[in-house]
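Listed below, chain by chain, are the residues.
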Amino acid sequence: MSVSSNRLRIALATCQVLPEPDLDFQPLSAALAERGCFVEAVPWDGPDVWADFDVCVLRSTWNYYHAPDRFLRWVDATAGCCHLINPAAIVRENADKRYLRRLQNNGVPIVETAWFEQSHPAESIAEVTRVRNWKRFVVKPVISAASFCTRAFRDDELPEAVDFLAVQLGVRAMMAQPFVESVKTVGEKSIAWIDGHITHAWVKRPRFAGQDESVQPTEEISTADRAVVESALRDYRDDVLYARIDLFYGADGKPVLSELELIEPSLYFDFSPSALDRFANGILRRVGLAE
């Protein structure tokens, strides 16, 4: 795609009904407007207007997991109309958390995970938790966001866990992970990676159905954290504008990857004005309007 002037038309893809406010929208739209761009928030699940834009940046498409097949069809169609950021092939893979298996096979340390396809018996979670000595564990869909169909259980709640998993497997593939105890103390660390560089980080506490999320900025990004980030992004860094890398910490204090979010992560630009500038400039650079 060629763009003839700085009046770049940029769609910031959102959804018709936001489950919560998008705190990144105002600073990002203002930063792009300052650079001479026309910017509009456009719901992915609304009218088909994407050919009217030069660029579509996925930002708050936070309901996509309710209709993943429809969303991925929209991703492919939109990529055919304008410059999609992040790219369609990466979005397609990242929408399903089974991408973590590939990263693990490539040497990235991830949170210990058991995978349950729809053909698996729900009762097998009892053997999984026994063999792995999980005293507490979390069960969630492989395509999900926020706290969608996510529940935590103790090992003395296995009947409830089996019942929950059985219901879910009737609809979707699932996964289970041990509850990482460090989350209660140091929390989960999220690191933002924008246009080739780590920019900032924050710490959040986990949430389950009906709970709020606590988020605080942090300047602590260790050498070990950076190593996991670089390892997780090895196959993506030349193609993506942005990423959020979520880390947990094991009993040995070492970081492990919880999630590599390449679709619609909140990036908390208020925590880092320089990250906001880098993001906006990165969009322009990708269409040849900045170096």
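Here the residue numbers are simple positions, counted from 1 along each chain's written sequence. Note on the predicted model: pLDDT of at least 70 is required for a residue's local features to be given, and 80 or more for side-chain atom pairs to be given and counted; whole-chain, interface and lining totals, by contrast, use all residues. To get the side-chain values, take all heavy atoms of the structure and skip hydrogens and water.

Trainee: So, the overall build of the protein chain: which residues are in play, and what are the values?
Mentor: Numbering goes from the N terminus for both helices and strands, where a helix is a DSSP run of H or I of at least four residues and a strand is a run of E of at least two. For the protein chain, the count of helices and strands is 8 helices and 13 strands. In summary, the protein chain has a C-alpha radius of gyration of 20 Å against a globular reference of 19 Å for 291 residues, a match within 12%. Along the longest, intermediate and shortest principal axes, the C-alpha atoms of the protein chain span 65 × 40 × 35 Å. Each residue's exposure class comes from its accessible area (1.4 Å probe, protein chains only) as a fraction of the maximum for that residue type: buried when under 20%, exposed when over 50%, partly exposed otherwise. Among the 291 residues that make up the protein chain, the fraction classed as buried is 53%. For the protein chain, the exposed surface amounts to about 13,300 Å²; the carbon and sulfur share of it is 48%. In summary, the charge assignment counts Lys and Arg as positive and Asp and Glu as negative, without counting His or the chain termini. Charged groups are reduced to one reference atom each: NZ for lysine, CZ for arginine, CG for aspartic acid, CD for glutamic acid. Side-chain charges of the protein chain comprise 32 positive and 42 negative groups, with the mean position of each set lying 2 Å from the other. Here the radius of gyration uses the C-alpha set of atoms, whereas the globule reference equals 2.2 Å times the residue count to the power 0.38. Surface exposure here means Shrake-Rupley accessible area, sampled with a 1.4 Å probe, where a residue is shielded only by the protein chains that are shown.

Trainee: Describe the packing of helix α1 (residues 25-34) against helix α8 (residues 273-286), naming the residues involved and giving the relevant values.
Mentor: Axis separation between α1 and α8 bottoms out at 10 Å; the angle between their running directions is 55°. The angle between the axes of α1 and α8 places the two elements in the oblique class. Like other packed secondary-structure pairs, α1 and α8 cross with a definite hand, here right-handed. In this structure, α1 uses P27, L28, A31 and L32 to contact α8, whose residues at the interface are L276, F279, A280 and I283. Looking at the contact of α1 with α8 residue by residue, the classes come out as 8 nonpolar, no polar and no charged. Only C-alpha atoms enter the line fits that serve as axes; for helices the fit covers just the stretch in contact. Angles between N-to-C directions range over 0 to 180 degrees. In what follows, roughly perpendicular refers to angles from 65 to 115 degrees, roughly parallel to angles under 35, roughly antiparallel to angles over 145, and oblique to any angle outside these ranges. The handedness criterion is simple: a crossing whose near helix is rotated anticlockwise from the far helix by less than a right angle is left-handed, and one whose near helix is rotated clockwise is right-handed. Contact criterion: two residues are considered in contact whenever any of their non-hydrogen atoms come within 4.5 Å of each other. Three classes are used: nonpolar for Ala, Val, Leu, Ile, Met, Phe, Trp, Tyr, Cys and Pro, charged for Asp, Glu, Lys and Arg, and polar for all others, with Gly counted as polar.

Trainee: Tell me about the confidence of the model for the protein chain, and please be specific about residues and values.
Mentor: Taken residue by residue, the protein chain gives an average pLDDT of 93. The fraction at 70 or more is 95%. pLDDT is a per-residue confidence score from the predictor, ranging from 0 to 100. The low-confidence segment residues 1-5 (pLDDT under 50) makes 7 contacts with residues lying over four places distant or belonging to another chain.

Trainee: Which residues make up the nonpolar core, and what are the values?
Mentor: Take the buried Ala, Val, Leu, Ile, Met, Phe, Trp, Tyr and Cys residues and link them wherever side-chain atoms come within 4.5 Å; each set so joined is a nonpolar core. Ranked by internal contacts, the top residues of the largest apolar core, which has 50 residues, are F71 and F279. Counting residues per element, this core draws most heavily on α8, which supplies 6 residues. Among the nonpolar cores identified, the runner-up in size contains 28 residues, and I90, A201, V240 and I245 belong to it.

Trainee: Could you give an account of the layout of surface pockets, naming the residues involved and the relevant values?
Mentor: Site definitions follow a grid-based scheme: protein atoms alone, a 1 Å grid, a 1.4 Å probe that fits but cannot get out for cavities, and for pockets an open set with protein on both sides within 12 Å along at least five of seven lines, plus lining residues having an atom within 4 Å of a point. Grid points are joined across faces, edges and corners, and a volume is the space filled by probe spheres set on the points. The space that makes up the second largest pocket amounts to roughly 190 Å³. As for the second largest pocket, its lining consists of 13 residues, of which V180, E181, Y249, G250 and A251 are closest to the centre. Per-class residue counts for the lining of the second largest pocket are 9 nonpolar, 2 polar and 2 charged.

Trainee: I'd like a description of the packing of helix α5 (residues 124-131) against helix α6 (residues 158-169), backed by residues and values.
Mentor: Orientation of α5 relative to α6, taken along the N-to-C sense of each, is 130°, at an axis distance of 9 Å. In terms of axis orientation, α5 runs oblique to α6. With respect to the hand of their crossing, α5 and α6 are arranged in right-handed fashion. Contact residues: α5 offers I125, A126 and T129, while α6 offers L158, V162 and L165. Considered class by class, the residues forming the contact of α5 with α6 number 5 nonpolar, 1 polar and no charged.

Trainee: Run through the pairing of strand β1 (residues 9-14), naming residues and quoting values.
Mentor: Where burial is concerned, most of β1 is hidden: 5 out of the 6 residues are buried. For the crossover from β1 across α1 to strand β2 (residues 38-43), the handedness is right-handed. A pair of strands is treated as paired once DSSP finds two or more bridges between them. Here β1 pairs with strand β3 (residues 55-58) via 4 bridges, running parallel. Residue I10 lies in a different strand from β3, and its bridge partner there is V55. Handedness rule for crossovers: strands pointing away from the viewer, path from the first strand over the helix to the second running clockwise, crossover right-handed.

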